[in-house]
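Each chain is listed here by its residues.
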Amino acid sequence: MKKALFFIIIGAMLAWAIYDFTMFGNDAAKQQNDTASSVASGESADVGLAVGQTAPDFTLETLGGEQASLSDFRGKPVFINFWATWCPPCRAEMPDMQKLYDNEDIEILAINLTDTEKSGDGVAAFVEEMGLTFPVLMDAEGEISSAYNVKAYPTSYMVDAEGKISHIAYGAMNYNVMVQEYEKMK
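Residues numbered from 1 in each chain as written. Predicted model: local features only at pLDDT ≥ 70, side-chain atom pairs only at ≥ 80, totals over all residues. Heavy atoms only, no water.

K.L.:
Got a sec to walk through the packing of aromatic side chains? Specific residues and values, please.
P.N.:
For the coordinates displayed, the defined rule picks out seven aromatic pairs. Look at F82 and Y148: their rings are 5.5 Å apart centre to centre, the planes differ by 45 degrees, and that puts the pair in the tilted class. In this pair, F82 sits in strand β3 (residues 78–83) while Y148 sits in the loop between α4 (143–147) and β6 (155–159), placing the two residues 66 residues apart along the sequence. In this structure, F82 and Y148 share a single accessibility class: buried. (Phe/Tyr/Trp six-rings, centres within 6.5 Å; stacked < 30°, edge-to-face > 60°. Helix = DSSP H or I, 4+ residues; strand = E, 2+ residues; numbered from the N terminus. Buried < 20%, exposed > 50% of the residue type's maximum accessible area, 1.4 Å probe, protein only.)

K.L.:
A description of the sheet that holds strand β7 (residues 165–170) should follow, citing residues and the corresponding values.
P.N.:
Taken in spatial order, the seven strands line up as β2-β1-β5-β4-β3-β6-β7 in an open sheet, and their pairing is mixed. A single partner strand is all that each edge strand has here, and the edge strands are β2 (67–69) and β7. On average, adjacent strands in this sheet sit at an angle of 30 degrees to one another, irrespective of strand direction. Pairing of strand β1 (residues 59–62) with β2, which is carried by three bridges, proceeds in the antiparallel orientation. In the sheet register, L60 faces β2, and the bridge partner there is A68. In this fold helix α2 (residues 88–103) packs onto β3, β4 (107–112) and β6, with an angle of close to 160 degrees to the strand it touches most, β3. On the sheet, helix α5 (residues 175–185) packs against β3, β6 and β7 and is oriented at approximately 30 degrees with respect to β6. (Pairing = 2+ DSSP bridges. Axes fitted to C-alpha atoms, helices over the stretch in contact; angles between N-to-C directions. Contact = heavy atoms within 4.5 Å.)

K.L.:
Describe the state of the cysteines, naming the residues involved and giving the relevant values.
P.N.:
Counted by the stated rule, this structure contains one disulfide. Through a disulfide, C87 is tied to C90; the S-S separation comes to 2.4 Å. Of note, the bridge from C87 to C90 carries an S-S torsion of about 75 degrees and is right-handed in sense. C90 carries the same exposure label as C87, and that label is buried. (Disulfide = S-S within 2.5 Å.)

K.L.:
I'd love a proper account of the packing of α2 against helix α3 (residues 120–130), names of residues and values included.
P.N.:
Relative orientation of the contacting elements α2 and α3 amounts to 45 degrees, with a least axis distance of 11 Å. The angle between α2 and α3 places the two elements in the oblique class. Here the hand of the crossing between α2 and α3 comes out right-handed. Residue-level inspection shows R91, M94 and P95 of α2 in contact with α3, the latter providing F126, E129 and M130. Classifying every residue of the contact of α2 with α3 gives four nonpolar, no polar and two charged. (Parallel < 35°, antiparallel > 145°, perpendicular 65-115°, else oblique. Left-handed = near helix turned anticlockwise from the far one by under 90°. Nonpolar A, V, L, I, M, F, W, Y, C, P; charged D, E, K, R; others polar.)

Written out as structure tokens, the structure is:
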């Protein structure tokens, strides 16, 4: 009986490894195809989502109704944060993000996962309640969060002045970690 249970567990682990390898292989092939199409469309070959690659450009509407693009901030370090009002870790890191924005020479683009929210009005109320002054962008269709492969909330990308990704965080960061990663970009 113990041997049978052992072989069942080993078989399940092997099946999971094959599944995981198969899915990872598909993601790598997709990333290669995306890179190839970026090069064909005139974008640099180093555009991607890994540390050291150029962060993909995007344009979204701000909470105030204006258009903002990542490329608008080239020449300055940028903290890109994907978040939602219903996400407790997202809510917890917002005061630290505001403190970073107030104390350091960094731009923050807080991309709200608007397609997961009950309404845009709730986002505006949250921003006002928290006293946030950095740009809040609305990802109404979820296209940018998909393009940035956001699977956990919050997810943050630290992008240096040249547009290269210097740090990726899956989950909330505190102020000290934000400052440490910002200092590495200088």
